[in-house]
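Residue-level structural notes
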Amino acid sequence: MGRKREPDDLSVHELIEGPTEILSRETLDAIRRPESTDADPSVEQTHDLSASATEVTTDLSGHGPAGTGGRELVELARMPAAGALYRRAALGALPGLGRGRKSNDLPAVELAVRGVRVDRAHLADYDRVCGFRLTDRLPGTYPHILGFPLALRLMTTPGFPIALTGVVHVGNRITIHRPITADETLDFTTYAQDLRPHDRGRQVDVVLVGSVDGEEVWRGVSTYLGRERTPGGRERGERPTPPTATARWRVEPRVGTEYARVSGDHNPIHTSRLGARLFGFRQPIAHGMWSKARCLAALETRLPDEYTVEVAFKLPVPLPSTVNFALLPDDGFALHDSGGRPHLVGLVR
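Heads up: these notes are all about the structure in this document. This structure is a prediction, so every number in the text was calculated from the model and none was measured.

Topic: the overall build of the chain
Within the chain, the regular secondary structure consists of 9 helices and 11 strands. Counted over contacts in the chain with a minimum sequence separation of 6, partners at least 24 positions apart contribute 77%.

Below, the structure written as structure tokens:
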């Protein structure tokens, strides 16, 4: 028999995945779906460390011009490359190697990279993997892939209040101010804000902003939950009846490897049965941001030129599995498994 998992054990999600903002109670009420309270904490969905970045030698203590909110602006010469930060996060998960960073302050810096161009071949691959139409218009989730290495660099600065080895991805909010096309060059900035207590630890928002010629065109707000031991436990409520499915999708194992290729996140929990088992999963699981992107692809013809879409991640999607996509009242949507358990709930406004 395997060891029984204690409620405060860290799941692999908490070790590896990253940013997002949880849906508020008002948001969940707006889409007429109460927040699920019976999900096992061991399987909470998290954000990937998808395009992790190489070590950057720039001093991030803040010696540049002023950014927003009194933060010092630090410009990097290029977008951090995949590799070193991901390895750093993975090493931090090993016993005795974690950094134990629990600062009570946010880094007073704002990181920036200018001149990020879109590779059309990469964009086409992303569109195919996530189910979007092949066009020159960027899907709403695509700038997240382009700019996340910069956010990850911020989150690995010394003293960041939540270590990557203990984060839970609880949701994601993206705002599109206008359509963005593949021939435009993007500038990205990122900063952290609103460190606050949570009944299961602490949360922090990581903001990633994409601009074109000085005009903000895209914004992603991400909330990390850093779990800490707290007295008491969560009350389990009655599971609500799932909504009627609008579509049913078969999610094959190749989704894990194909999304890893286009996102840069090659975490074995998404791509390898053996790797998943090493972290306590019976089978690989889909990336959380793939699930959100796949839902947006289903809504693609309904989306206006300017909108905000936010989701709360619930249970991970096993690979393979069958999932039910549902349209909800007031521009809400949801993804459930065949037993009615929620994978995510979302809202477009």
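This is not the end of the story, as more comes after the structure.
Things to note about the side chain of Thr175
The residue Thr175 is located in strand S3 (residues 167-176) in this model. According to the relative accessible area criterion, Thr175 is buried, its value standing at 18%. One polar contact links Thr175 to Thr308, side chain to side chain, over a distance of 2.9 Å. Not counting the four nearest positions on each side in its chain, Thr175 is found in contact with Val217, Trp218, Arg219, Tyr307 and Thr308.

Re the environment of Val212
In this fold, Val212 is placed in strand S5 (residues 201-212). Sequence separation between Val212 and Arg114 is 98 residues; the distance between their C-alpha atoms is 9.5 Å. When near neighbours in sequence (up to four residues on either side) are disregarded, Val212 contacts Arg178, Glu184, Thr185, Leu186 and Val217.

Brief notes about empty space enclosed by the protein
Taken as a whole, this structure holds 3 cavities of 30 Å³ or more when the rule is applied. Quantified by volume, the second largest cavity comes out at close to 50 Å³. Surrounding the second largest cavity, 11 residues form its lining, His144, Leu208, Trp218, Gly220 and Ser222 being those nearest its centre. Mapped onto the lining of the second largest cavity, the elements with two or more residues apiece are helix H5 (142-155), S3, S5 and strand S6 (215-227). For the lining of the second largest cavity, the class distribution of residues is 7 nonpolar, 4 polar and no charged.

Observations concerning the packing of helix H4 (residues 120-130) against helix H9 (residues 288-298)
Running from N to C, H4 and H9 cross one another at 85°; their axes reach a closest spacing of 9 Å. In terms of orientation, H4 and H9 fall into the roughly perpendicular class. Residue-level contacts link Tyr126, Val129 and Cys130 of H4 to Trp290, Ala293, Arg294 and Ala297 of H9.

Comments concerning the pairing of strand S11 (residues 342-348)
A regular strand places its side chains so that they alternate between the two faces of the sheet. Counting buried positions over the 7 residues of S11 gives 7, a clear majority of the element. In the sheet, strand S8 (residues 307-313) pairs with S11 via 5 bridges, with the strands oriented antiparallel. Looking across to S11, one finds that Ala312 is bridged to Val345. Sheet analysis places strand S10 (residues 332-337) next to S11, joined by 5 bridges and oriented antiparallel. Looking at S11, one finds that His336 is bridged to Pro342. Here S10 folds back onto S11, and the loop between the two strands holds 4 residues, one of which, Gly340, carries a positive phi near 90°.

A few points about the pairing of strand S4 (residues 186-198)
Bridge analysis of strand S2 (residues 109-116) against S4 gives 4 bridges, and the strand direction is antiparallel. Residue pairing across strands places Val116 opposite Leu186, the latter belonging to S4. Adjacent in sequence and paired antiparallel, S4 and S5 are bridged by 2 residues.

Examining the environment of Met155
Inspection of the secondary structure assignment puts Met155 in helix H5. For Met155, a relative accessible area of 0% corresponds to the buried category. Along the sequence, Met155 and Val206 sit 51 residues apart, while their C-alpha atoms lie 8.4 Å from each other.

Section: the nonpolar core
Side chains of a nonpolar character, in soluble globular proteins, are inclined to be buried together. Grouped together as the largest cluster of nonpolar side chains are 65 residues, with contacts concentrated most on Tyr126, Tyr259 and Phe333. Per-element tally for this core: the top contributor is H5, with 9 residues.

Re unusual backbone geometry
Backbone torsion omega between Leu319 and Pro320 reads 0°, so that peptide bond is classified as cis. Relative to the helices and strands, Pro320 is located in the loop between S8 and strand S9 (321-328). One non-glycine residue, Asp213, adopts positive backbone phi at about 55°. Tracing the chain through its elements places Asp213 in the loop between S5 and S6. Since its relative accessible area comes to 78%, Asp213 is described here as exposed. If you check the backbone angles, Asp331 has positive phi at about 65° while not being a glycine. Assignment of secondary structure puts Asp331 in the loop between S9 and S10. Given a relative accessible area of 56%, Asp331 falls into the exposed group.

Scoring rules and cut-offs
Along each chain, the written sequence defines residue order, and numbers are assigned to residues from 1. Per-residue local features are limited, in this predicted model, to residues with pLDDT of at least 70; the limit for side-chain atom pairs, both in listing and counting, is 80 or more; totals at the level of whole chains, interfaces and linings are taken over all residues. With hydrogens and water stripped out, all remaining heavy atoms of the structure feed into the side-chain values. Under the DSSP-based scheme used, a helix requires at least four consecutive residues in state H or I and a strand at least two consecutive residues in state E, with every element numbered from the N terminus. Note on contacts: a residue pair is in contact if any heavy atoms of the two residues lie within 4.5 Å. Accessible area is worked out with a 1.4 Å probe on protein chains only. A residue is then buried under 20% of its type maximum, exposed over 50%, and partly exposed in between. Between N or O atoms, a polar contact is any pair within 3.5 Å; within protein, one atom must be a potential hydrogen donor and the other a potential acceptor, and residues adjacent in sequence are included only when both atoms are from side chains. For cavity detection a 1 Å grid was placed over the protein atoms alone, and a set of points counts as a cavity when a 1.4 Å probe fits there but cannot get out; an open set counts as a pocket when protein lies on both sides within 12 Å along at least five of seven lines, with lining residues being those that have an atom within 4 Å of a point. Grid points are joined across faces, edges and corners, and a volume is the space filled by probe spheres set on the points. Each residue receives one of three labels: charged for Asp, Glu, Lys and Arg, nonpolar for Ala, Val, Leu, Ile, Met, Phe, Trp, Tyr, Cys and Pro, and polar for the others, Gly being one of them. Every axis in this analysis is a line fitted to C-alpha atoms, fitted for helices over the stretch in contact. Angles between the N-to-C directions lie between 0 and 180 degrees. Each angle gets one of four labels, with under 35 degrees taken as roughly parallel, over 145 as roughly antiparallel, 65 to 115 as roughly perpendicular, and the rest as oblique. What makes two strands pair is DSSP finding at least two bridges between them. Here, nonpolar core means buried Ala, Val, Leu, Ile, Met, Phe, Trp, Tyr and Cys residues that are tied together by side-chain atoms lying within 4.5 Å of each other.

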